[in-house]
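These are the residues of each chain, in order.
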Amino acid sequence: MCSRPFLALFLIVFGLNLLFGLAVPIWVTGILALVAGILTAMEYYRLRVEKK
């Protein structure tokens, strides 16, 4: 799993929301930030989730 697409999506949504005042609910940006943070931490500590 790569966290970069989630991080990029979060930054794009967050930036557009700041620049243009989009009506994106705060929970959407919160979930994107949470997923990106968890995946980044998993990559840093080299944790993997494998299918059985």
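Residues numbered from 1 in each chain as written. Predicted model: local features only at pLDDT ≥ 70, side-chain atom pairs only at ≥ 80, totals over all residues. Heavy atoms only, no water.

(A) Seen up close, the packing of aromatic side chains. The tally for this structure, following the rule as stated, stands at two aromatic pairs. Taking 4.9 Å as the distance between ring centres and 85° as the angle between the ring planes, the aromatic pair formed by Tyr44 and Tyr45 counts as edge-to-face. The exposed category is assigned to Tyr44, whose relative accessible area is 64%. Take Tyr45: its relative accessible area is 59%, and that puts it in the exposed class. (Phe/Tyr/Trp six-rings, centres within 6.5 Å; stacked < 30°, edge-to-face > 60°. Buried < 20%, exposed > 50% of the residue type's maximum accessible area, 1.4 Å probe, protein only.)

(B) How the structure looks around helix H1 (residues 4-20). Between its first and last C-alpha, H1 extends 24 Å over 17 residues, near the 24 Å set by a 1.5 Å rise per residue. In the stretch just after H1, Gly21 is the one whose phi turns positive, near 60°. (Helix = DSSP H or I, 4+ residues; strand = E, 2+ residues; numbered from the N terminus. Expected span 1.5 Å × (residues − 1).)

(C) Just the packing of H1 against helix H2 (residues 26-44), in detail. Contact pair H1 / H2: the axes reach a minimum separation of 8 Å and the direction vectors enclose 150°. Taken together, the axis directions place H1 and H2 in an arrangement best described as roughly antiparallel. Here the hand of the crossing between H1 and H2 comes out left-handed. In contact with Phe6, Leu7, Leu9, Phe10 and Val13 of H1, H2 contributes Thr29, Leu32, Ala33, Val35, Ala36 and Leu39. Grouping the constituent residues of the contact of H1 with H2 by class yields 10 nonpolar, one polar and no charged. (Axes fitted to C-alpha atoms, helices over the stretch in contact; angles between N-to-C directions. Parallel < 35°, antiparallel > 145°, perpendicular 65-115°, else oblique. Left-handed = near helix turned anticlockwise from the far one by under 90°. Contact = heavy atoms within 4.5 Å. Nonpolar A, V, L, I, M, F, W, Y, C, P; charged D, E, K, R; others polar.)

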